[in-house]
Amino acid sequence: MFVDSHAHIDGEEYDSDRGEVVERAREAGVSAILNVGTGDPHSGSLERAVEVAEKYDDIYAAVGVHPHDARLFDDATERRIQGILKQTSRIIAWGEIGLDYHYDNSPRDIQREVFARQLRLALKTGLPVIIHSRDADEDTVAILRAELKETGRSGVMHCFGGGSWMMESVLELGFMISFAGNVTFKKAGDLRDVARRVPLERLLIETDCPFLTPVPFRGRRNEPARVIEVARCLAELRDLTTEEIGRVTTENFQRLFNVKLKDSIKPPVEEPDRRDPGIHRNIIN
Ligand SMILES: [Zn+2]
Ligand SMILES: [Zn+2]
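Owing to the predicted nature of the structure, the values given are computational and were not obtained by experimental measurement.

Asks: Summarise the overall build of the protein chain; cite the residues concerned and give the values.
Replies: A count of helical and extended segments in the protein chain gives 10 helices and eight strands. Its C-alpha radius of gyration of 20 Å places the protein chain within 12% of the 19 Å reference for a compact globule of 285 residues. With the principal axes as the frame, the protein chain shows a C-alpha extent of 85 × 40 × 40 Å. Out of the 285 residues in the protein chain, the part that is buried amounts to 55%. A sequence separation of at least 24 residues applies to 75% of the contacts in the protein chain between residues at least 6 apart. A total of about 13,900 Å² of accessible surface is found on the protein chain, and carbon and sulfur atoms cover 47% of it. For the protein chain, the separation between the mean place of its 39 positive charges and that of its 49 negative charges on side chains is 2 Å.

Here it is as structure tokens:
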């Protein structure tokens, strides 16, 4: 049993075969997908992410404004997100929010301001946060400490790509750490060293699809069924089975996002009584 804790399957990349993508995930043992809405918040992209979660039982949604689009965040955006939150019970996280100094699609000062503002909004709603941090780890941690440290609230560092300092800093803040397909890449030795040391009870897995297709499927569109390759990689690093990584990360997902997945609460299987004296006698005879 596996959970894809971060996917973007509401996008047009999946318009022609979304149902099949979801079905393939189910067949592979993926029992839940957290679909994260991104894009221009005025364009209807966040509503679209929620629509997918309303349609499928095993898909949840997160809404928030990505650091790329921070320059588009305004009072109307805030009202819009609050309106969406009132209309559905499928939203289990605020995100993805954070800082991206790699692409710098929005000015950095605006990214920082919008990040802090959304953390405060998330606190008010009670939702855990999904954090995106690229080439901005020091500022990300500084803002998380300033806004969250006293509150005891946390979330997940998604698509983790940081080093030991980042890992320790976010663990100290109570965060979970989620690994995506990039942990399987040949050149990701340093990242795998970090992945080996994250406490099991803080570990999550994700695809971040359609991006970051794991080895051995690189070059193709990614999809939630591939989250198993991430689990397989972590299992090798930690000397566990792929199923054990699946089980632990599924439990972590339920704890962090406060959801109960149907398949995870199966009653214990009763062993048939093989000591039935009648049958026993027949076998002996
Ligand atoms: Zn991201
Ligand atoms: Zn993402």
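Asks: How would you sum up the packing of aromatic side chains? Please name residues and give values.
Replies: Where two aromatic rings form a pair, the distance of their centres and the angle of their planes describe that pair. According to the stated counting rule, one finds two aromatic pairs in the structure shown. A ring pair is formed by Phe253 and Phe257, whose centres lie 4.9 Å apart and whose planes are at 55°; its orientation type is tilted. Taken together, the positions of Phe253 and Phe257, both in helix H9 (residues 242–257) and four residues apart, correspond to about one turn of that helix. The class of Phe253 is buried, set by a relative accessible area of 0%. Between the NZ or CZ atom of Arg218 and the centre of the ring of Phe185, over which it lies, the distance is 3.5 Å. A cation over a ring is seen here: Arg226 above Phe217, with NZ or CZ 3.6 Å from the ring centre.

Asks: Lay out the nonpolar core with the relevant residues and their values.
Replies: If you look at the biggest cluster of nonpolar residues, it comprises 71 residues, and the most contacted ones within it are Phe160 and Phe179. Considering every element that reaches this core, the biggest residue donor is helix H8 (residues 227–238), with eight residues. Excluding its chain neighbours within four sequence positions, the residues that come into contact with Phe160 are Met166, Met167, Val170, Ile177, Ser178, Phe179, Asn182, Leu191 and Val194. Core analysis: the second largest hydrophobic core is formed by 17 residues, Ile92, Ile130, Val156 and Phe257 among them.

Asks: Give a description of the coordination of the zinc ion (ligand 1) that names residues and reports values.
Replies: Note on the zinc ion (ligand 1): its protein donors are Glu96 (OE), His132 (ND1) and His158 (NE2). The metal-donor distances range over 2.0 to 2.1 Å. Separating the zinc ion (ligand 1) from the zinc ion (ligand 2) is a distance of 3.4 Å, and Glu96 supplies a donor atom to each of them. One end of the pair, Glu96, is in strand S4 (residues 91–100); the other, His132, is in strand S5 (residues 129–134), and 36 residues separate them in sequence. Each member of the pair Glu96 and His132 is classed as buried.

How each quantity is defined
Residues numbered from 1 in each chain as written. Chains lettered and ligands numbered in written order. Predicted model: local features only at pLDDT ≥ 70, side-chain atom pairs only at ≥ 80, totals over all residues. Heavy atoms only, no water. Helix = DSSP H or I, 4+ residues; strand = E, 2+ residues; numbered from the N terminus. Rg over C-alpha atoms; globule rule 2.2 N^0.38 Å. Buried < 20%, exposed > 50% of the residue type's maximum accessible area, 1.4 Å probe, protein only. Contact = heavy atoms within 4.5 Å. Areas by Shrake-Rupley, 256 points an atom, 1.4 Å probe, with all protein chains shown as cover. Lys, Arg positive; Asp, Glu negative; His and termini not counted. Charge placed at Lys NZ, Arg CZ, Asp CG, Glu CD. Phe/Tyr/Trp six-rings, centres within 6.5 Å; stacked < 30°, edge-to-face > 60°. Lys NZ or Arg CZ within 6 Å of the ring centre and 35° of its normal. Core = buried A, V, L, I, M, F, W, Y, C linked by side-chain atoms within 4.5 Å. Donors = N, O, S within 2.8 Å, 3.2 Å for Na, K, Ca; no water.

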